[in-house]
Amino acid sequence: MARPRTARTVEHPDLSEVSLQQVLEALVDPVRRLVVTQLAAADEDMSCGTFEAPVSVSTLTHHFNVLREAGVIRQYYVGTTKLNALRADEMEHRFPGLLGAVLAASVAEGGAVSA
């Protein structure tokens, strides 16, 4: 007998429960800042396989999890593809100016990543 299909979901924190410390720890890593910068520059949400990063797929998965648990990104499935979206508006409401400042500083540094 076939198992009933259920929609795949990913848990996300309510940003009111995320601390500034948690967000800063997520954004301190250069690979995670690269992910955030690429999402901010994209015209649409990005699938996990479309990011350019100097790390293995499994390590990149870890970085996505840290960003999601800190409330910086939202992940969701479309079919079997996991997409990533920057929670920019929600972050701006919770921590005004923080994400914009981190993105501006990252771009000013040339988006350099030292992994």
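Residues numbered from 1 in each chain as written. Predicted model: local features only at pLDDT ≥ 70, side-chain atom pairs only at ≥ 80, totals over all residues. Heavy atoms only, no water.

Details of helix α1 (residues 20-27)
Cut-off, in case you're wondering: Accessibility here uses a 1.4 Å probe with only protein chains present; expressed as a share of the type maximum, an area under 20% marks a residue as buried, one over 50% as exposed, and anything in between as partly exposed. Helix numbering and strand numbering both begin at the N terminus, where a helix is a DSSP run of H or I of at least 4 residues and a strand a DSSP run of E of at least 2. Directions pointing from the helix axis toward each C-beta atom define the arc. The criterion used for residue contact is that any of the two residues' heavy atoms lie within 4.5 Å.
Listing the buried residues of α1 in full gives V23, A26 and L27. On an axial view of α1, the arc spanned by its buried residues comes to 90 degrees, and they lie on one face. The inward-facing, buried residues of α1 contact α2 (30-41), α3 (57-69), α4 (88-94) and α5 (98-108).

As for α3
Basically, it comes down to this: By this rule, a helix spans an expected 1.5 Å times one less than how many residues it contains.
Between the first and last C-alpha of α3 there are 18 Å, a value that for 13 residues agrees with the 18 Å anticipated at 1.5 Å per step. Here α3 has its buried residues at L60, H63, F64, L67 and R68. Buried positions in α3, seen along its axis, are confined to an arc of 135 degrees and lie on one side of it. Here the buried face of α3 lies against α1, α2, β2 (73-78) and β3 (81-86). Phi turns positive one or two residues past the end of α3, at G71, with a value near 80 degrees.

Considerations on the nonpolar core
Quick note on the threshold: As used in this record, nonpolar core signifies buried Ala, Val, Leu, Ile, Met, Phe, Trp, Tyr and Cys residues forming a set joined through side-chain atoms within 4.5 Å.
V23, L27, L67 and V72 are the most contacted members of the largest nonpolar core, which has 23 residues in total. Secondary-structure elements contributing two or more residues to this core are α1, α2, α3 and α5. Apart from residues lying up to four places away in sequence, V72 is in contact with V23, L27, V36, L67, A85, L86, R87 and M91.

Some words on the packing of α1 against α5
Put simply, the rule is: A fitted line through C-alpha atoms serves as each axis, taken over the contacting stretch for helices, and the angle formed by two N-to-C directions is quoted from 0 to 180°. To sort the angles, those under 35 degrees are grouped as roughly parallel, those over 145 as roughly antiparallel, those from 65 to 115 as roughly perpendicular, and the leftovers as oblique. Take the far helix as the reference: if the near one is turned anticlockwise from it by less than a right angle, the crossing is left-handed, and if turned clockwise, right-handed. Here the term charged refers only to Asp, Glu, Lys and Arg, the term nonpolar to Ala, Val, Leu, Ile, Met, Phe, Trp, Tyr, Cys and Pro, and the term polar to all other amino acids, Gly among them.
In contact at an axis separation of 12 Å, α1 and α5 are set at 15 degrees when each is read in the N-to-C sense. Judged by the inter-axis angle, α1 sits roughly parallel to α5. In this structure, α1 crosses over α5, and the sense of that crossing is right-handed. Here α1 contributes L20, V23, L24 and L27 to the contact with α5, which in turn contributes L98, L99 and V102. Of the residues in the contact of α1 with α5, the class split is 7 nonpolar, no polar and no charged.

Focus: the sheet that holds β3
Note the cut-off: By the convention used here, strands pair only if DSSP detects at least 2 bridges between them.
If you walk across this open sheet you meet the 3 strands as β1-β3-β2, and the pairing is antiparallel. Each of the sheet's edge strands pairs with one partner strand only, and the pair in question is β1 (46-47) and β2. Most of the contacts of α2 go to β3, to which it runs at about 85 degrees, and overall it touches β1, β2 and β3.

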